[in-house]
Amino acid sequence: VMPTPYLTQLSKLQDSIPARPIAEVMQTIAEELPAELAQRVLAGLDQNALAAASIAQVHKVKLFSEKAMREERVVALKVQHRGVDRVMMQDMWQMDILIRLIAYFEPNNDFRPVVKEWTAEAVKELDFRTEAINLKRVAQAVTDENGALNVIVPAVWDEYTTKRVLVMDFGEGF
């Protein structure tokens with residue numbers, strides 16, 4: 001649909017998203033989780049992000065038990081970038097204006113229904129509780145009675161999951 005030079009440049013954007021400063025990550029954790037849970041996460045947080053994308057970044061965390069400071073479990077922590085919700089909403093508003101203009105001048109290129117559906121789904125991406133629900137649905141869907149499917153779906157840690165923070169079991173490389 002798009003010329004190759006444009007696709008080449010746009011693909012670089014997908015692969016070149018730097019992690020946000022650890023101070024921002026820690027602030028989001030402190031704001032989103034109850035103090036006790038936030039302390040447990042921060043105590044075992046690997047400050048180097050495993051991955052970063054446009055909406056969030058992922059860190060490895062060693063969660064320690066409440067009573068003893070022995071390692072309990074290694075989990076993956078997904079933390080939404082600060083302010084990304086405002087940026088996405090502004091981008092969607094601007095896209096809506098652009099799409100309306102295109103539809104007005106080029107009625108055969110009316111993408112408003114597509115953009116409307118995409119916008120509704122993009123907003124859901126900003127709430128990690130939705131992702132947690134979807135992970136659970138996938139886990140349930142791929143679990144069969146005979147155990148014939150060899151699929152691993154990370155378990156969600158509900159008590160650590162909020163709109164901007166998602167914690168799930170960590171799976172070492174596949």
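Here the residue numbers are simple positions, counted from 1 along each chain's written sequence. In view of the model being predicted, local features appear only for residues whose pLDDT reaches at least 70, and side-chain atom pairs are presented and counted only at 80 or more, with totals across whole chains, interfaces and linings using the full set of residues. Excluded from the side-chain calculations are hydrogens and water; all other atoms, namely the structure's heavy atoms, are used.

In this structure, what is going on with the overall build of the protein? I would like to understand it.
Tallying secondary structure elements over the protein gives six helices and four strands in all. Strands are runs of DSSP state E lasting at least 2 residues, helices are runs of H or I lasting at least 4, and numbering of each runs from the N terminus. Helices and strands in the protein line up, N terminus first, as α-α-α-β-β-β-α-α-α-β. A simple rule labels every residue: compare its accessible area, found with a 1.4 Å probe on the protein chains alone, to the largest value its type can have, and call it buried under 20%, exposed over 50%, or partly exposed in between. The buried share of the protein, taken over its 174 residues, is 29%. The Shrake-Rupley method, run with a 1.4 Å probe, gives the accessible areas here. Residue values count only the displayed protein chains as cover. Carbon and sulfur atoms make up 56% of the accessible area of the protein, which totals about 12,000 Å².

Where do I start with the packing of helix α2 (residues 22-32) against helix α3 (residues 35-43) in this structure?
The description of two packed helices rests on the angle between their axes and on the distance between the axes. Inter-axis angles, ranging from 0 to 180 degrees, are taken between N-to-C directions of lines fitted to C-alpha atoms, where helices are fitted over the stretch in contact. The interhelical angle for the contact between α2 and α3, taken along N-to-C directions, is 155 degrees, at an axis separation of 8 Å. Judged on the interaxial angle alone, α3 and α2 are roughly antiparallel. Seen along the crossing, α2 lies across α3 with a hand that is right-handed. Residues Met-26, Ile-29 and Ala-30 of α2 lie in contact with α3, whose contacting residues are Ala-38, Val-41 and Leu-42. Three residue categories are used. Nonpolar comprises Ala, Val, Leu, Ile, Met, Phe, Trp, Tyr, Cys and Pro, charged comprises Asp, Glu, Lys and Arg, and polar comprises the others, including Gly. Classifying every residue of the contact of α2 with α3 gives six nonpolar, no polar and no charged. Angular relationships are summarised with four words: roughly parallel below 35 degrees, roughly antiparallel beyond 145, roughly perpendicular across 65 to 115, and oblique for the angles in between. By convention the crossing between two helices is left-handed if the near helix lies anticlockwise of the far one by an angle smaller than a right angle, and right-handed if it lies clockwise. Only heavy atoms matter for contacts: two residues are in contact if any of them lie within 4.5 Å across the pair.

Just checking my understanding: could you explain α2 for this structure?
Because an α-helix packs 3.6 residues into every turn, residues spaced three or four apart end up facing the same way. Buried within α2 are the following residues: Ile-22, Val-25, Thr-28 and Ile-29. Each buried residue of α2 sits inside an arc of 125 degrees when the element is viewed along its axis, so together they form one side. Comment: arc refers to directions from the helix axis out to C-beta atoms.

Explain the packing of aromatic side chains here, please?
For any pair of aromatic rings, the description consists of the separation of the ring centres together with the inter-plane angle of the planes. Centres within 6.5 Å make a pair out of two Phe, Tyr or Trp rings, where for Trp the six-membered ring is used; the pair is then stacked when the planes are under 30 degrees apart, edge-to-face when over 60, and tilted otherwise. On inspection of all chains with the given rule, the structure shows two aromatic pairs. Ring geometry for Tyr-104 versus Phe-105: centroids 4.9 Å apart, planes at 85 degrees, classification edge-to-face. Relative accessible area serves as the criterion here: at 64%, Tyr-104 is assigned to the exposed category. Charges are assigned to positions over rings by a cutoff of 6 Å between ring centre and Lys NZ or Arg CZ, combined with an angular limit of 35 degrees from the ring normal. Lying across the ring of Phe-128, Lys-78 places its NZ or CZ 4.8 Å from the centre.

Before we go on, may I ask you to explain the nonpolar core in this structure?
Across soluble globular proteins, nonpolar side chains have a tendency to be buried as a group. Core analysis: the largest hydrophobic core is formed by 17 residues, its most contacted members being Ile-29, Val-41, Leu-77 and Tyr-160. Sorting the residues of this core by element identifies α2, α3, β2 (56-64), β3 (71-80) and β4 (165-169) as the ones contributing at least two each. The contact partners of Ile-29, leaving out residues within four places of it in the chain, are Ala-38, Val-41, Leu-42, Leu-45, Leu-77 and Val-79. Counting residues in hydrophobic clusters, the runner-up holds 14 residues, among them Ile-55, Ala-76, Leu-126 and Leu-166. What is meant by a nonpolar core is a set of buried Ala, Val, Leu, Ile, Met, Phe, Trp, Tyr and Cys residues, joined one to another through side-chain atoms within 4.5 Å.

What should I look at first to understand a nonpolar patch on the surface in this one?
Without a salt bridge and with relative accessible area above 30%, a residue can belong to a patch; like charges are then joined within 9 Å and nonpolar side chains (Val, Leu, Ile, Met, Phe, Trp, Tyr) within 5 Å. When a carboxyl oxygen of Asp or Glu is within 4 Å of a side-chain nitrogen of Lys or Arg, the pair counts as a salt bridge. Among the surface-exposed residues, Trp-93, Ile-97, Leu-101, Tyr-104 and Phe-105 lie close enough to one another that they form a single nonpolar patch of about 630 Å² accessible area. Mapped onto the elements, Phe-105 comes out in helix α4 (residues 84-105).

Hey, could you run me through the pattern of salt bridges in this one?
Charged atoms that come close allow side chains of opposite charge to pair. Taken as a whole and judged by the stated rule, the model has 13 salt bridges. Residue Glu-31 pairs with Arg-164 through a salt bridge whose shortest N-O separation is 2.9 Å. Taken together, the positions of Glu-31 in helix α2 and Arg-164 in the loop between α6 (128-142) and β4 put the pair 133 residues apart, joining distant regions of the chain. Residue Glu-72 is joined to Arg-40 by a salt bridge in which the shortest nitrogen-to-oxygen separation is 3.5 Å. Placement of Glu-72 in strand β3 and of Arg-40 in helix α3 is noted, with a sequence separation of 32 residues between them. Glu-72 sits in the partly exposed class, given a relative accessible area of 38%. For Arg-40, a relative accessible area of 14% translates into the label buried. In this structure, a network of salt bridges that share partners links the residues Glu-31, Glu-32, Arg-82 and Arg-164.

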